[in-house]
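# Summary of structural features
The residues making up each chain are set out below.
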Amino acid sequence: MSQSTTTMKAVGLKAYLPISDDHSLLDINLPKPIAQGRDLLIQIQAISVNPVDTKVRAPKTKVEENYRVLGWDAVGTVMAVGDDVELFTLGDEVYYAGDITRPGSNSEFQLIDERIVGRKPKSLTNAEAAALPLTGITAAEGLFERLAINDEKSAGKTLLIIGGAGGVGSIAIQLAKQIAGLKIIATASRDESIEWCRSLGADIVVNHKQDFVKEIRDQGIQFVDYIFCLNTTARHWPAMSELIAPQGSICSIVEPEAAIDLNSLKSKSANFVWEFMFTRSMYKTHDMIEQHNILNYIADLVDAKKIKTSLSKTLTPINAENLRKAHAEIETGSTIGKIVLTGWA
Ligand SMILES: NC(=O)c1ccc[n+]([C@@H]2O[C@H](COP(=O)([O-])OP(=O)(O)OC[C@H]3O[C@@H](n4cnc5c(N)ncnc54)[C@H](OP(=O)(O)O)[C@@H]3O)[C@@H](O)[C@H]2O)c1
């Protein structure tokens, strides 16, 4: 179909600067892209910010020739479709995380492969929905695919979630508790993050800044069947090796800040597996449509009131100033739930 080629607002960077620098993220105008193949052209109404944004933006000497647009969480409306699109039509309201190898969602319009897009939950506002895609995909892939948790064989087993109050932990606690029926031990270090984990369904909350192996054992739990590590993998590796049950499984989503010793799992025949939510889009795996299915599954769970949004803060409008504020908060490492930006001024 014909598509206009006018410009659009976006937030981008050329230099990688500290977030305190007003030039670290800039308000810019870019050409509006044109949908081809399986791409949808989305008009974006809300976005969320994740630690991946701050990691990609981290200060370095490299300078981009063309503006780089970050952002991997969006809610919007389908405005145009490529010739091979099968799953969506004009006007559909959608949500998605995206593809780390392509321009991100910090722009008025974005191209996105339909196989990694889902229908927006009908019962949520744009801001509430924008909190969910990246963390929801990560939690669902981590728990149900990498750790192979399923409600038949896993109900009643124990899961330790390290970093329970963050974006991923907020969805992981709910999915594991409400859907898989696991006993959840989450970690949090402050009154408000402890309370957040409990409100989402954690049965036990222990402190990741203290000796949580002892804290868990003091509750009569010697080993846990599954561990989902959402923070500082190397720092928590000795505790994870100690706590994992014989033949148990550990999944981490965070690159270790130092080497980890897999030998520590050998006598227990325990598994270790990575989850990286960009794998499917980065390698165009044959099953990348699973992310479409996961997003629709999460939308169904939300609309059935089985899980809720993890939105904790909304900034308006979407612009460089508000994105710099959101990045600065994420960089503290102590956000609870998700920060979302809505609307274009
Ligand atoms: N592989 C993937 O596909 C993937 C996907 C998403 C995210 N990630 C990565 O996973 C990590 C978590 O993402 P997120 O969005 O959940 O982050 P987030 O929302 O920024 O996490 C914030 C939470 O981390 C907790 N925390 C801080 N220091 C901790 C520590 N030493 N040990 C355990 N928890 C700690 C804090 O709890 P307290 O305030 O209670 O201390 C806070 O609630 C990030 O590194 C992110 O880049 C990877």
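Everything here concerns the structure above.
The rules we used
Residues numbered from 1 in each chain as written. Predicted model: local features only at pLDDT ≥ 70, side-chain atom pairs only at ≥ 80, totals over all residues. Heavy atoms only, no water. Helix = DSSP H or I, 4+ residues; strand = E, 2+ residues; numbered from the N terminus. Rg over C-alpha atoms; globule rule 2.2 N^0.38 Å. Buried < 20%, exposed > 50% of the residue type's maximum accessible area, 1.4 Å probe, protein only. Areas by Shrake-Rupley, 256 points an atom, 1.4 Å probe, with all protein chains shown as cover. Near = heavy atom within 4 Å. Polar contact = N/O pair within 3.5 Å; in protein donor to acceptor, adjacent residues only side chain to side chain. Pairing = 2+ DSSP bridges. Axes fitted to C-alpha atoms, helices over the stretch in contact; angles between N-to-C directions. Contact = heavy atoms within 4.5 Å.

Further remarks concern the overall build of the protein chain. The number of helices and strands found in the protein chain is 11 helices and 16 strands. Against the globule reference of 20 Å for 345 residues, the protein chain gives a C-alpha radius of gyration of 20 Å, in line with a compact fold. Here the C-alpha coordinates of the protein chain stretch approximately 65 × 40 × 35 Å along the principal axes. Looking at the 345 residues of the protein chain, the share that counts as buried comes to 55%. For the protein chain, the exposed surface amounts to about 14600 Å²; the carbon and sulfur share of it is 50%.

Moving on: the site of the ligand. As a structural note, the neighbourhood of the ligand is formed by 28 residues, with Lys55, Ser189, Ser193, His208 and Met277 the closest of them. Ser189 has a polar side-chain atom sitting 2.6 Å from an oxygen atom of the ligand. Arg190 places a polar side-chain atom, nitrogen or oxygen, 2.8 Å from an oxygen atom of the ligand. Protein burial of the ligand: of its 930 Å² of free accessible surface, 91% is covered by the chains.

Along any regular strand, the residues point their side chains to alternate faces of the sheet. Across the six residues of strand β12 (residues 224–229), five count as buried, placing the element largely inside the fold. When strand β9 (residues 158–162) meets β12, the two strands line up parallel, connected through four bridges. Residue Ile161 lies in a different strand from β12, and its bridge partner there is Phe228. Relative to strand β13 (residues 244–252), β12 is paired through five bridges, and the arrangement is parallel. Paired with Val224 across the two strands is Ile244, which belongs to β13.

Before going further, it helps to spend a moment on the sheet that holds strand β10 (residues 183–187). Spatially, the six strands line up as an open sheet ordered β11-β10-β9-β12-β13-β14, and their pairing is parallel. Since the sheet does not close on itself, it has two edges, and those belong to β11 (204–206) and β14 (271–274), each with one partner. In this sheet, neighbouring strand axes are inclined to one another by 20 degrees on average, regardless of whether the strands run parallel or antiparallel. On the sheet, helix α3 (residues 133–146) packs against β9, β12, β13 and β14 and is oriented at approximately 150 degrees with respect to β12.

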